[in-house]
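# Analysis of the macromolecular model
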Amino acid sequence: MEISRTFFIIMILLFVLHGTNTLSDDLLFLDYYKETCPLAEEIVRRNVENAVLKDPRMAASLLRLHFHDCFVMGCDGSVLLDSYGAMVSEKLAGPNFNSLRGFGVIDKIKYNLEEACPYTVSCADILALAARDSVVLRGGPTWGVPLGRRDSLKASFDGANLYIPAPNSSLEILIENFKVQGLDIRDLVTLSGSHTMGRARCLSFRQRIYDITMEERYDKYKRYRTFRRILESICPESGNENQLTPLDYTTPTRFDNHYYINLLQGRGLLFSDNTFVTQDHEGEIIKQVWAYAADRDLFFASYVNSIIKMGNINVLTGQEGEIRKNCRFINT
């Protein structure tokens, strides 16, 4: 009788714990601000539109902010924090320093939201909405953004250096980077399609030019040589670190599937991008590249699924974290 009672109590505890975990996974949902800040999405959208109209490159920059936020401790707005006291900002980490842009746009959005509904909309949610609106403004797909994230009370300088994929990463390292975040190989190839817009610094693609693969060395039909010579004129073996060039030479300001077409033509800008073709020994990844190159709608549908999945990485909800008044600092 005593064993049965103990077993029954254990089962109840397991049920409660399991139910709690499931609930925390479901706290992000559409129309989260419908009652508390009904104009939230409109305010974000209007500000993103204005920013991208003034600077078309800003669309890619805002999308990138969301990525770099989510890959360090989760989608919690930590990338927006400035250094304070003993806390070192993620903005100073190698992948972000003199590279990430768009912080002023986020500041303006946050200011307008605080005017409309104080202490209500998180900086993490602003990043997720701005990323979606940036994609749409450049001709990409739209999606409903699950909301309800809260903001981190800390930043992780070390995490930014460790977890954000480098432009010179091997395919094996890229797969591991994404796996750590709960994202699979399909997510990796799909989300890398974000490189269909924006620009990169010479520092980021120099290795792609001067570390010549065997396939490029014996390039009988000059498929790779011409593009490499263009890049050499932009990015010499030394110097010109901050010289910019489009990630997608064909349609540099459009969100489309030309990124994958470029890869198949040997025109991927970053070393890491080209690994999908040069280091895929099993041949499964290149099948996905071919599929996206041939079918823009397939890429768009897959992208929506993967970016929503990414936007759920280790989110803070409920009473975790806080809703910052200023995205650059924790509340005091």
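Described below are features of the structure shown in this document. (Residues numbered from 1 in each chain as written. Predicted model: local features only at pLDDT ≥ 70, side-chain atom pairs only at ≥ 80, totals over all residues. Heavy atoms only, no water.)

## Concerning the overall build of the protein chain
When helices and strands are tallied, the protein chain shows 15 helices and 2 strands. The buried share of the protein chain, reckoned over its 332 residues, is 49%. (Helix = DSSP H or I, 4+ residues; strand = E, 2+ residues; numbered from the N terminus. Buried < 20%, exposed > 50% of the residue type's maximum accessible area, 1.4 Å probe, protein only.)

## What about the pattern of salt bridges?
Overall, the coordinates contain 15 salt bridges when judged by the stated rule. Among the salt bridges present, the one from Arg 101 reaches Asp 55, with a minimum N-O distance of 2.5 Å. One end of the pair, Arg 101, is in the loop between α3 (58–70) and α4 (103–116); the other, Asp 55, is in the loop between α2 (40–54) and α3, and 46 residues separate them in sequence. Look at Arg 101 and you get partly exposed, because its relative accessible area is 23%. We classify Asp 55 as partly exposed; its relative accessible area is 23%. The salt bridge involving Arg 206 is made with Glu 241; its shortest N-O contact spans 3.1 Å. Of this pair, Arg 206 sits in helix α9 (residues 202–210) while Glu 241 sits in the loop between α11 (225–234) and β2 (244–246), and the two are 35 residues apart along the sequence. Residues joined in a network through salt bridges with shared partners are Asp 82, Lys 91, Asp 107 and Arg 328. (Salt bridge = Lys/Arg side-chain N within 4 Å of Asp/Glu carboxyl O.)

## A few points about helix α15 (residues 296–310)
When the terminal C-alpha atoms of α15 are compared, their 21 Å separation across 15 residues agrees well with the 21 Å that a helix rising 1.5 Å per residue should span. Within α15, the full set of buried residues consists of Phe 299, Phe 300, Ser 302, Tyr 303, Val 304, Ser 306, Ile 307 and Met 310. (Expected span 1.5 Å × (residues − 1).)

## Focus on the state of the cysteines
In this structure the tally under the stated criterion is 4 disulfides. In this model Cys 202 forms its disulfide with Cys 235; the gap between the sulfur atoms is 1.8 Å. For the disulfide bridge between Cys 202 and Cys 235, the dihedral angle about the S-S bond is near 65°, and by the sign convention the bridge is right-handed. Of this pair, Cys 202 sits in helix α9 while Cys 235 sits in the loop between α11 and β2, placing them 33 residues apart in sequence. Assessed through its relative accessible area of 0%, Cys 202 is described here as buried. For the protein chain, numbering the cysteines in disulfides from first to last along the sequence yields the connectivity 1-4, 2-3, 5-8, 6-7. (Disulfide = S-S within 2.5 Å.)

## Quick word on the packing of aromatic side chains
In this structure the tally under the stated criterion is 14 aromatic pairs. Between Phe 227 and Tyr 249, the aromatic rings sit 5.4 Å apart at their centres with planes inclined by 90°, giving edge-to-face as the arrangement. On the criterion of sequence distance, the pair formed by Phe 227 in helix α11 and Tyr 249 in the loop between β2 and α12 (258–264) is long-range, its members being 22 residues apart. Judged by centre distance (6.0 Å) and plane angle (45°), the ring pair of Phe 255 and Phe 300 falls under tilted. With Phe 255 in the loop between β2 and α12 and Phe 300 in helix α15, the pair connects residues that are 45 residues apart, well separated along the chain. Across the pair, Phe 300 and Phe 255 agree in class, each one buried. We note Lys 91 situated over the ring of Phe 103; from NZ or CZ to the ring centre the distance is 4.4 Å. (Phe/Tyr/Trp six-rings, centres within 6.5 Å; stacked < 30°, edge-to-face > 60°. Lys NZ or Arg CZ within 6 Å of the ring centre and 35° of its normal.)

## A word on the environment of Arg 186
Checked against the element boundaries, Arg 186 lands in helix α8 (residues 185–191). Residues Arg 186 and Ile 285 lie 99 residues apart in sequence; the distance between their C-alpha atoms is 7.9 Å. Setting aside residues up to four positions removed in sequence, Arg 186 forms contacts with Gln 288, Tyr 292 and Ser 302. (Contact = heavy atoms within 4.5 Å.)

## Re the nonpolar core
Among the nonpolar cores identified, the biggest contains 71 residues, and Leu 63, Ile 106, Leu 113, Phe 276, Tyr 303 and Met 310 are the most heavily contacted of them. Residues within four places of Leu 113 in sequence aside, it is in contact with Cys 37, Ala 40, Ile 43, Val 44, Pro 118, Val 121 and Ile 126. Grouped together as the second largest cluster of nonpolar side chains are 11 residues, Phe 227, Cys 235, Leu 247 and Leu 270 included. (Core = buried A, V, L, I, M, F, W, Y, C linked by side-chain atoms within 4.5 Å.)

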